Amino acid sequence: MILFRKARHSDLPAVVKLLADDPLGQSRESISHPLDPRYEEAFAAIDGDDNQLLAVAVDAADQVVGCLQLSFIPGLSRTGMWQGQIESVRIAAGERGSGLGSQLIEWAVEMARERGCELLQLTSDKARPDAIRFYEKLGFIASHEGLKRNL
């Protein structure tokens, strides 16, 4: 049995470990004990913002086996439409291919609908073609070119 819920502070080390558990994450994340204080600061900011939801998937033993961040974004365009933005989706290696990722994304879709979002978007690194195919199978469309700038 899998449960989806808002992440607790005690889940933070497991979430960071998931974020680091792929080739791109290994080069971007920092696994340490104690955790890098920047993770603590980010968690506090996310947890304290009603328009942010750091969510986890936990198994029957309450072990974190998946995560994502869902942001609720108010906007003026499209007659004041709210949008959802999904980031940092990860599934534990032992759960990949089990359908958990699809369940987690569909749960996030429902959370966005409940908050009144009329559009849900995400980005995936071009170096992750399997992830892009996964999102396309769930109904996401590559309708825009995404651009980023490191600051």
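Because the structure is predicted, anything quoted here is derived from the model rather than measured.

Draft legend 1. Spatial organisation of empty space enclosed by the protein. By the definition in use, this model includes one cavity of 30 Å³ or more. Approximately 30 Å³ is the volume found for the largest cavity. Forming the boundary of the largest cavity are Lys6, Ala7, Phe43, Ile46, Asp47 and Leu54. When residues in the lining of the largest cavity are grouped by element, the largest group, three residues, is from helix H3 (residues 37–47).

Draft legend 2. The side chain of Asp22, seen in detail. The topology assignment puts Asp22 in the loop between helix H1 (12–19) and helix H2 (23–28). Here Asp22 falls in the buried class, since its relative accessible area comes to 13%. Within the local environment of Asp22, its side chain forms a polar contact with the side chain of Arg90, the two groups lying 3.5 Å apart. At 2.3 Å, the side chain of Asp22 forms a polar contact with the side chain of Arg128. Ignoring anything within four residues of it in the chain, the contact list for Asp22 reads Arg90 and Arg128.

How each quantity is defined
Residues numbered from 1 in each chain as written. Predicted model: local features only at pLDDT ≥ 70, side-chain atom pairs only at ≥ 80, totals over all residues. Heavy atoms only, no water. 1 Å grid on protein atoms, 1.4 Å probe; cavity = no way out; pocket = protein on both sides within 12 Å on 5 of 7 lines; lining within 4 Å. Points joined across faces, edges and corners; volume = space filled by probe spheres on them. Helix = DSSP H or I, 4+ residues; strand = E, 2+ residues; numbered from the N terminus. Buried < 20%, exposed > 50% of the residue type's maximum accessible area, 1.4 Å probe, protein only. Polar contact = N/O pair within 3.5 Å; in protein donor to acceptor, adjacent residues only side chain to side chain. Contact = heavy atoms within 4.5 Å.

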